[in-house]
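Remarks on the overall topology
Below, each chain spelled out in residue letters.
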Amino acid sequence: MTPEEKNLLERTYKLTEENNEILRGMRRAQRWGRATKIAYWLIIAIFTVVSYYAIMPYLNQLMDVYRGIQGGDANSDSPSAMERLGGFNFSGWGSKPVDPNNLENSR
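Attention here is on the structure that accompanies the text. All of these numbers come straight from a predicted model, not from anything done at the bench. Throughout, a residue's number is its position along its own chain's written sequence, starting from 1. The predicted nature of this model means local features are confined to residues of pLDDT at least 70 and side-chain atom pairs, given and counted, to a pLDDT of 80 or more, with totals for whole chains, interfaces and linings taken over all residues. Values reported for side chains reflect all heavy atoms of the structure, with hydrogen atoms and water molecules removed beforehand.

1. What about the overall build of the protein?
This is how the line gets drawn: Per the convention used, a helix needs a DSSP run of H or I reaching at least four residues, while a strand needs a run of E reaching at least two, with both numbered from the N terminus. Throughout, exposure labels follow a simple rule: accessible area from a 1.4 Å probe, protein chains only, divided by the maximum for the residue type, with under 20% read as buried, over 50% as exposed, and the rest as partly exposed. All accessibility values rest on the Shrake-Rupley procedure with a 1.4 Å probe; residue burial counts only the protein chains present in the view.
The number of helices and strands found in the protein is two helices and zero strands. Counting all 107 residues of the protein, 2% fall into the buried class. Of the roughly 10,000 Å² of accessible surface on the protein, a fraction of 59% belongs to carbon and sulfur atoms.

Right, here's the structure in full:
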């Protein structure tokens with residue numbers, strides 16, 4: 001092997017090592033990016049499910065009021081929509097409770 005060939009082989013070896021380090025760094029960054037993206041979407045999914053269960057009682061209450069406004073079941077012992085609205089605390093509308101039997105004079 002001539003000195004020129006040996007020099008060329010050593011340069012090729014050094015470039016190969018440098019290339020290998022760069023490729024390992026790219027692969028490492030790709031793995032971290034994938035893990036971060038999975039964690040991001042898991043957090044969003046968990047937040048969505050927890051929010052749904054936190055809001056569900058309020059949605060059920062509104063659906064009950066809606067059914068009462070529609071008429072609901074005429075034979076049931078459930079309170080009317082106005083009686084249900086009387087139980088709500090409308091903050092910002094004054095501290096006086098709403099009288100469902102006398103809505104005109106409740107202001």
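2. So, the pattern of salt bridges
The test is simple: A pairing counts as a salt bridge when a side-chain nitrogen of Lys or Arg comes within 4 Å of a carboxyl oxygen of Asp or Glu.
Counting across every chain of the model gives two salt bridges. With a shortest N-O distance of 3.7 Å, E21 and R24 are connected by a salt bridge. Placement of both E21 and R24 in helix α1 (residues 3–70) is noted, with a separation of three residues, approximately one turn of the helix. Take R24: its relative accessible area is 47%, and that puts it in the partly exposed class.

3. As for the packing of aromatic side chains
The description of an aromatic ring pair uses the distance of the two centres, along with the angle that the planes make with each other. To keep things clear, this is the line we draw: Any Phe, Tyr or Trp ring, taking Trp's six-membered ring, that has another such ring centre within 6.5 Å forms a pair; planes under 30 degrees apart are called stacked, those over 60 apart edge-to-face, and the others tilted.
Considering all chains together, one arrives at two aromatic pairs under this definition. Ring plane angle 80° and centroid distance 5.3 Å describe the contact between Y40 and W41, whose orientation is recorded as edge-to-face. Given the relative accessible area of 48%, Y40 is considered partly exposed. Taken together, a centroid distance of 5.4 Å and an interplanar angle of 75° make the contact between Y52 and Y53 edge-to-face. Judged by relative accessible area, Y52 falls into the partly exposed class, the value being 47%.

4. Points about a nonpolar patch on the surface
Defined as follows: Grouping into patches uses exposed residues only, defined as over 30% relative accessible area, and leaves out salt-bridged ones; the cut-off is 9 Å for like charges and 5 Å for nonpolar side chains (Val, Leu, Ile, Met, Phe, Trp, Tyr).
Taken together, the side chains of V49, Y52, Y53, I55, Y58, L59 and L62 present a nonpolar region at the surface, about 770 Å² in accessible area. Looking at the secondary structure, you find L59 in helix α1. With a relative accessible area of 41%, L59 lands in the partly exposed category.

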